[in-house]
Amino acid sequence: VNAAYLSNVLVDAAMIVWAVALAAFAADFALAPSRASAAAPVPVPVGGGSDQPTLDAAPPEQRRSDRWWGIGQGTFVLGTVILTVAVVLRGVAAQRVPWANMYEFAITGSLLVAVAYLVVARRYDVRAFALWVTGVLLLTLGLAVTVLYVPAGPLVPALRSPWLVIHVAAATIAAAVFTIGMVASSLYLVRETADRRGASGRFVSRLPAAAALDRVAYRVTAFGFPIWTFAVIAGAIWAEYAWGRYWGWDPKETWSLITWIVYAAYLHARTTAGWRGRKAAVVSLVAYATLLFNFFGVNIAFVGLHSYGGL
Amino acid sequence: VNLQVSRNAGKELALAGALLAIGGLLPTLFVRRRRVWVRVRTDPTDATAGTVIELAGLDRAESSDDLAAEITSLRTALQKETR
């Protein structure tokens with residue numbers, strides 16, 4: 001069996017399994033009993049399970065929702081495992097690291113977002129994130145298989161370098177981490193707006209407390225930022241080797257700097273100017289928008305040295 | 001054949017600057033900055049009043065959720081020390 005073909009089939013399989021996870025997370029979200037709006041952010045080890053309240057003590061609607069949560073968790077992890085195999089096989093088929101074109105960034109990036117979510121979920125109560133993270137992942141994979149797909153093949157000469165491994169891996173990891181931060185900031189804005197208006201609908205009351213969402217958004221972004229910084233520097237080193245200059249205002253370079261500046265502004269505003277909450281969340285969403293534009297928009301809209309792999 | 005030759009005199013300097021920037025960035029983001037005050041007061045006019053020790057803390061980092069626990073543990077340590 002051809003590895004490239006098997007990889008494609010497994011990407012489709014991961015999408016189907018994650019679609020089941022999406023439905024289960026939606027059911028969990030719809031059935032979960034609402035949280036009090038002033039609830040303290042209690043770290044609950046999601047996925048560990050041992051510290052969860054026993055089922056006997058839980059109200060019936062909690063029990064029903066927990067069952068869906070379990071199904072969602074199980075299928076989410078299964079989808080992640082399937083996608084891992086798909087990404088590895090893609091690398092085997094192309095005989096290089098599986099992140100050299102837009103399609104491969106999308107599948108590898110999705111895998112990293114899923115892993116980042118699972119890691120964050122071990123430390124923070126991000127049960128409410130699962131639905132939205134899965135939605136983003138399905139959207140990305142859907143875009144990957146329909147619009148971005150290119151057959152597995154060798155690299156153009158300029159990309160054949162160990163820096164492909166370092167620079168692109170760092171950029172993809174940072175983007176995955178920022179994606180989790182984006183979900184946290186978005187949910188924060190929804191929650192905070194509802195709190196301010198005194199709304200307490202079933203939807204809003206199931207989100208974590210605004211302050212907890214704000215804190216998760218900051219910590220995740222603070223973790224991703226040095227990785228992004230390193231990715232930009234590694235890119236400059238590679239550019240020096242490949243193109244003879246370390247910085248040439250290529251569209252990708254320029255936009256990676258813009259993303260860096262806006263995320264730096266976010267962190268700076270928080271730690272020095274004391275911006276919290278709403279203003280900070282808006283800045284972080286703007287930063288994420290520039291990241292997305294750098295990833296998709298630059299390759300589609302501009303002709304630059306980072307145009308490769310058909311897009 | 002298309003040949004291109006370039007020389008950047010300042011590239012080592014730029015690299016050193018970038019690495020220093022990362023070196024500065026990491027502690028900025030991950031070192032917890034906080035201040036703790038301990039004030040020891042005795043009443044000079046009243047020898048029997050004993051000593052009052054006051055503790056206060058100010059957290060400059062985002063992770064302010066465990067400052068209270070830290071002050072409490074400091075208080076426990078001081079109580080052991082003064083007993």
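Residues numbered from 1 in each chain as written. Chains lettered and ligands numbered in written order. Predicted model: local features only at pLDDT ≥ 70, side-chain atom pairs only at ≥ 80, totals over all residues. Heavy atoms only, no water.

S.K.: Just to check I follow, could you spell out the overall build of chain A for this structure?
M.R.: Regarding its fold elements, chain A presents nine helices and zero strands. The buried share of chain A, taken over its 311 residues, is 54%. Once local pairs closer than 6 in sequence are excluded, the contacts in chain A between residues at least 24 apart make up 83%. Accessible area for chain A stands at about 13,700 Å²; split by element, carbon and sulfur atoms hold 70% of it. (Helix = DSSP H or I, 4+ residues; strand = E, 2+ residues; numbered from the N terminus. Buried < 20%, exposed > 50% of the residue type's maximum accessible area, 1.4 Å probe, protein only. Contact = heavy atoms within 4.5 Å. Areas by Shrake-Rupley, 256 points an atom, 1.4 Å probe, with all protein chains shown as cover.)

S.K.: Looking at this structure, how should I read the overall build of chain B?
M.R.: A count of helical and extended segments in chain B gives two helices and two strands. From first element to last, N terminus to C terminus, chain B shows the α and β order α-β-β-α. Against the compact-globule benchmark of 12 Å for 83 residues, chain B has a radius of gyration of 26 Å, which places it well outside the compact range. By principal-axis analysis of the C-alpha atoms, chain B measures approximately 95 × 25 × 20 Å. Of all 83 residues assigned to chain B, the portion counted as buried reaches 12%. (Rg over C-alpha atoms; globule rule 2.2 N^0.38 Å.)

S.K.: Would you mind going over unusual backbone geometry with me for this structure?
M.R.: Across the chain, the bulk of peptide bonds are trans and the bulk of non-glycine residues have phi less than zero. Residue and element names in this part refer to chain A. A positive phi is found at Gln95, a non-glycine position, where the angle reads about 60°. Inspection of the secondary structure puts Gln95 in the loop between α2 (60-94) and α3 (102-123). Even without being glycine, Trp249 reaches a positive phi, approximately 55°. Residue position: Trp249 is located in the loop between α7 (210-243) and α8 (251-271). Residue class for Trp249 comes out exposed when judged on its relative accessible area of 56%.

S.K.: Looking at this model, I keep getting lost on the packing of helix α4 (residues 129-148) of chain A against helix α5 (residues 162-196) of chain A. Mind explaining?
M.R.: Axes are the key here: two packed helices are described by the angle between their axes and the distance separating the axes. Residue and element names in this part refer to chain A. Direction vectors running N to C along α4 and α5 enclose 125°, while the axes themselves pass 10 Å from each other. Comparing the axis directions of α4 and α5 gives the class oblique. Seen along the crossing, α4 lies across α5 with a hand that is right-handed. On α5, the residues that touch Phe129, Trp132, Val133 and Val136 of α4 are Thr179, Ile180, Met182, Val183, Ala184 and Leu187. The residue makeup of the contact of α4 with α5, split by class, is nine nonpolar, one polar and no charged. (Axes fitted to C-alpha atoms, helices over the stretch in contact; angles between N-to-C directions. Parallel < 35°, antiparallel > 145°, perpendicular 65-115°, else oblique. Left-handed = near helix turned anticlockwise from the far one by under 90°. Nonpolar A, V, L, I, M, F, W, Y, C, P; charged D, E, K, R; others polar.)

S.K.: Would you mind showing me how to read helix α1 (residues 11-30) of chain B here?
M.R.: An α-helical segment advances 3.6 residues per turn. Residues three or four places apart therefore align on the same side. Helix length check: α1 of chain B (20 residues) gives 29 Å between terminal C-alpha atoms against 28 Å at 1.5 Å per residue, within 8%. Considered for burial, the residues of α1 of chain B that qualify are Ala18, Ile22, Leu25 and Leu29 of chain B. One face of α1 of chain B carries all of its buried residues, which in axial projection span an arc of 65°. Exposed side chains of α1 of chain B directed beyond 90 degrees from the buried face belong to Glu12, Leu13 and Leu20 of chain B. Next to the buried residues of α1 of chain B lie α7 and α8 of chain A. (Expected span 1.5 Å × (residues − 1). Arc of directions from axis to C-beta.)

S.K.: Mind showing me how you'd approach the pattern of salt bridges here?
M.R.: Residue and element names in this part refer to chain A. For the coordinates displayed, the defined rule picks out 13 salt bridges over all chains. Residues Arg191 and Asp195 are paired through a salt bridge, measuring 3.4 Å at the closest nitrogen-oxygen approach. Highlighted residues: Arg191 and Asp195, both in helix α5, separated by four residues, approximately one helical turn. In this structure, Glu192 engages Arg196 in a salt bridge whose closest nitrogen and oxygen atoms are separated by 3.3 Å. With Glu192 and Arg196 both in helix α5 and four residues apart, this pair spans about one turn of that helix. Given the relative accessible area of 54%, Arg196 is considered exposed. Here the salt bridges share partners, and the residues they tie into one network are Asp28, Asp66 and Arg127. (Salt bridge = Lys/Arg side-chain N within 4 Å of Asp/Glu carboxyl O.)

S.K.: When you look at the environment of Ala19 of chain A in this model, what are you seeing that I'm missing?
M.R.: Here Ala19 of chain A is to be found in helix α1 (residues 3-31). Note on Ala19 of chain A: relative accessible area 36%, which makes it partly exposed.

S.K.: Honestly, a nonpolar patch on the surface in this entry has me stumped. Any pointers?
M.R.: Residues and elements named next belong to chain B. A cluster of nonpolar side chains, contributed by Val36, Val38, Val40, Ile53 and Leu74, occupies part of the molecular surface with about 370 Å² of accessible area. Note that Val40 resides in strand β1 (residues 34-42). The exposed category is assigned to Val40, whose relative accessible area is 55%. (Patch = residues over 30% accessible without salt bridge, like charges linked within 9 Å, V, L, I, M, F, W, Y side chains within 5 Å.)

S.K.: Would you take a moment to explain the confidence of the model for chain B for this structure?
M.R.: Close inspection of predicted coordinates is inappropriate in any region flagged by low pLDDT. Residue and element names in this part refer to chain B. The predicted model of chain B averages 82 in pLDDT, with 92% of residues at 70 or higher. Per-element confidence in chain B is highest for α1, whose mean pLDDT is 90, and lowest for helix α2 (residues 67-82), whose mean pLDDT is 83. Scored as a complex, the prediction yields pTM 0.81 and ipTM 0.71. (pLDDT = per-residue confidence, 0-100.)

S.K.: How should I be thinking about the packing of aromatic side chains in this particular structure?
M.R.: Ring pairs (aromatic) are described by centroid distance and by the angle formed between their planes. Residue and element names in this part refer to chain A. All chains considered together, the criterion is met by 13 aromatic pairs over all chains. For the ring pair Tyr103 and Tyr149, a centre distance of 4.8 Å and an interplane angle of 80° mean the geometry is edge-to-face. Taken together, the positions of Tyr103 in helix α3 and Tyr149 in the loop between α4 and α5 put the pair 46 residues apart, joining distant regions of the chain. Judged by its relative accessible area of 1%, Tyr103 is buried. A connected cluster of aromatic rings, assembled from ring pairs, spans Trp18, Phe25, Trp69, Phe76 and Tyr117. (Phe/Tyr/Trp six-rings, centres within 6.5 Å; stacked < 30°, edge-to-face > 60°.)

S.K.: What's the story with the nonpolar core in this structure? I'm lost.
M.R.: Soluble, globular proteins show a tendency: their nonpolar side chains are buried together. Counting 91 residues, the largest nonpolar core has Leu83, Tyr117 and Phe129 of chain A as the members making the most contacts within it. Ignoring sequence-local partners within four residues, the contact set of Leu83 of chain A consists of Val11, Ala14, Trp18, Ile107, Ser110, Leu111 and Leu141 of chain A. (Core = buried A, V, L, I, M, F, W, Y, C linked by side-chain atoms within 4.5 Å.)

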